[in-house]
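Below are the chains, spelled out letter by letter.
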Amino acid sequence: DWNPDNVIAEQVERIRAQVGSARVISALSGGVDSAVSTALVHEAVGDQLTAVFVDHGLLRKGEREQVQQDYVAATGVRLVTIDAADTFLAALAGVTDPEEKRKIIGREFIRAFEQAERDLVAEAAASGEKVQFLVQGTLYPDVVESGGGTGTANIKSHHNVGGLPEDLQFELVEPLRTLFKDEVRAIGRELGLPEAIVGRQPFPGPGLGIRIVGEVTRDRLELLREADAIARAELTAAGLDGEIWQCPVVLLADVRSVGVQGDGRTYGHPIVLRPVSSEDAMTADWTRLPYDVLAKISNRITNEVREVNRVVLDVTSKPPGTIEWE
Ligand code: XMP
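Residues numbered from 1 in each chain as written. Predicted model: local features only at pLDDT ≥ 70, side-chain atom pairs only at ≥ 80, totals over all residues.

Under the annotation held in an unreviewed UniProt entry, the chain carries the name GMP synthase [glutamine-hydrolyzing] and is attributed to Agromyces marinus. What UniProt states about the chain under its Function (unreviewed entry) heading is, verbatim, "Catalyzes the synthesis of GMP from XMP." Listed in UniProt under the heading Pathway (unreviewed entry), the comment for the chain reads: "Purine metabolism; GMP biosynthesis; GMP from XMP (L-Gln route): step 1/1." (UniProt positions renumbered as here; feature names shortened; annotations may be inferred.)

What follows is about the overall build of the chain. For the chain, the count of helices and strands is eleven helices and twelve strands. Taking the principal axes of its C-alpha atoms as reference, the chain extends roughly 65 × 45 × 35 Å. Counting only residues that meet the buried cut, the chain has 38% of its 326 residues in that class. Across the chain, contacts joining residues at least 24 apart in sequence account for 78% of those joining residues at least 6 apart. (Helix = DSSP H or I, 4+ residues; strand = E, 2+ residues; numbered from the N terminus. Buried ≥ 20, exposed ≤ 12 C-beta atoms within 10 Å, placed from the backbone. Contact = placed C-beta atoms within 7 Å.)

So, about the UniProt feature "binding site: ATP" (unreviewed entry) in the chain. When the UniProt feature table is mapped onto this chain, "binding site: ATP" (unreviewed entry) is found at S29, G30, G31, V32, D33, S34 and A35. Assignment of secondary structure puts G30 in the loop between β1 (23-28) and α2 (32-45). You can call G30 buried: it has 21 C-beta atoms within 10 Å. Not counting residues within four places of it along the chain, the set of residues in contact with G30 comprises L59, E63, Q66 and V67. Examined against the element boundaries, D33 turns out to sit in helix α2.

Okay, unusual backbone geometry next. Note that the residue after K318, namely P319, is joined by a cis bond; omega there is -10°. The residue P319 is located in the segment after β12 (308-313) in this model. With an omega of 10°, the peptide bond running from P319 to P320 counts as cis. Locating P320 in the fold gives a position in the segment after β12. Positive phi, close to 75°, is recorded for A281, a residue that is not glycine. Relative to the elements of secondary structure, A281 occurs in the loop between β10 (276-277) and β11 (285-286). Looking at A281, the number of C-beta atoms within 10 Å reads 17, which means it is partly exposed. Backbone geometry places E307, a non-glycine residue, at a positive phi of 90°. Note on placement: E307 falls in the loop between α11 (291-304) and β12.

To continue, consider the domain arrangement of the chain. When cut into domains, the chain gives domain 1 (4-198) and domain 2 (211-313). The straight-line distance from the C-alpha centre of domain 1 to that of domain 2 is 29 Å. (Domains from an automatic or database assignment.)

Next up on the list: the environment of D182. For D182, the location among the structural elements is in helix α8 (residues 181-190). Given 8 C-beta atoms within a 10 Å radius, D182 is considered exposed.

A word on the nonpolar core. Counting 70 residues, the largest nonpolar core has V24, V36, V41, V52 and A227 as its most contacted members. The element that contributes the greatest number of residues to this core is α2, accounting for eight residues. The residue makeup of this core includes at least three contributed by each of domain 1 (4-198) and domain 2 (211-313). (Core = buried A, V, L, I, M, F, W, Y, C linked by C-beta atoms within 7 Å.)

Helix length check: helix α5 (residues 98-126), at 29 residues, gives a terminal C-alpha distance of 42 Å against a target of 42 Å (1.5 Å per residue), a fit within 8%. Those residues of α5 not exposed but buried are K101, I104, I105, E108, F109, A112, F113, A116 and E117. Downstream of α5 by one or two residues, G128 has phi in the positive range, about 70°. (Expected span 1.5 Å × (residues − 1).)

The next thing to look at is the environment of V255. Assignment of secondary structure puts V255 in the loop between β7 (249-252) and β8 (257-261). For the pair V255 and K318, spaced 63 residues apart in sequence, the C-alpha to C-alpha distance is 24 Å. Once residues within four sequence positions are removed from consideration, V255 is found in contact with H269 and P270.

On to the packing of helix α1 (residues 4-19) against α8, then. For the pair α1 and α8, the least separation of the axes is 9 Å and the interaxial angle reads 85°. Taken together, α1 and α8 sit at an angle that is classed as roughly perpendicular. On α8, the residues touching P4, D5, V7 and I8 of α1 are A186, I187 and E190. The class makeup of the residues in the contact of α1 with α8 is five nonpolar, no polar and two charged. (Axes fitted to C-alpha atoms, helices over the stretch in contact; angles between N-to-C directions. Parallel < 35°, antiparallel > 145°, perpendicular 65-115°, else oblique. Nonpolar A, V, L, I, M, F, W, Y, C, P; charged D, E, K, R; others polar.)

The predicted coordinates ought not to be read in detail in places where the model reports low pLDDT. Overall, the prediction assigns the chain a mean pLDDT of 94, with 94% of residues at 70 or greater. Low pLDDT, under 50, characterises residues 147-153; the stretch is placed with 20 contacts to residues that sit more than four places away or in other chains. Scored as a complex, the prediction yields pTM 0.93 and ipTM 0.99. (pLDDT = per-residue confidence, 0-100.)

Written out as structure tokens, the structure is:
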């Protein structure tokens, strides 16, 4: 019989045997897999582990706090947060091509993470210790075949491509290698992780950077973050999370249309809602959301987010449309 307690006990033992007294680094993304693998390793080796969280400025509202406050409170993990928003935004200035954005975000992510690794290696060396291991949230389906997203901002693909500087070559600790997603969630719950993290719907590594059609700027991110938070809150309040695989909220930054808001005519941007139902993200159908929920989301976004004067619904399945707009 599958039981999260047994898996935890077994993994904790394995991790201890593998790691010994060496130091370990883990990257937290805000997603389920990195959260659970990090928590398992922390359970096993405590402060020998340091978790690194890169804030690239493309996160959703509250995500940083979820990691920095709720996750740390639940686990007691030693966390280093890298404030890299300025660097990412500077690198993204003027870029509109989706694949170009992904490349830049991936590259900057690796740079930021490598710098953090170097700092931790140096810190360990100063106290006569060695960083020898890197945690990876690899799941069983990833082992069998890497399906789903392209994982741009992903340490795994980076560490697998080789070409790493010698001082940053670590052995991998992969405590989720035999597990499926729902098992990982069960283990996360057993370890007491926040539901907002354990139950989180898929969110792409490049974050809101690929949900702004057009150039990514600080103001546009701010606006999209608000609209996205409203849509998420209303979908959750309506009890629809279980029906929806994910719901990208997209800003058409280069499109303007005329509207009338408050005391006059406006010339604002549309927000697209893209709720989809899916089993594995390879194919998807648009979710038939109740009209009253759509109305609530639309009213709130156009009332609360200045600059947005229209909310539109994407009614395309995949194929032909992808889930994301970029
Ligand atoms: P598409 O848009 O290709 O998305 O239908 C399929 C799934 O992959 C996610 N996605 C990404 N995930 N980096 C990621 O980590 C990416 O660059 C990326 N692009 C898409 C998307 O959210 C959906 O779950």
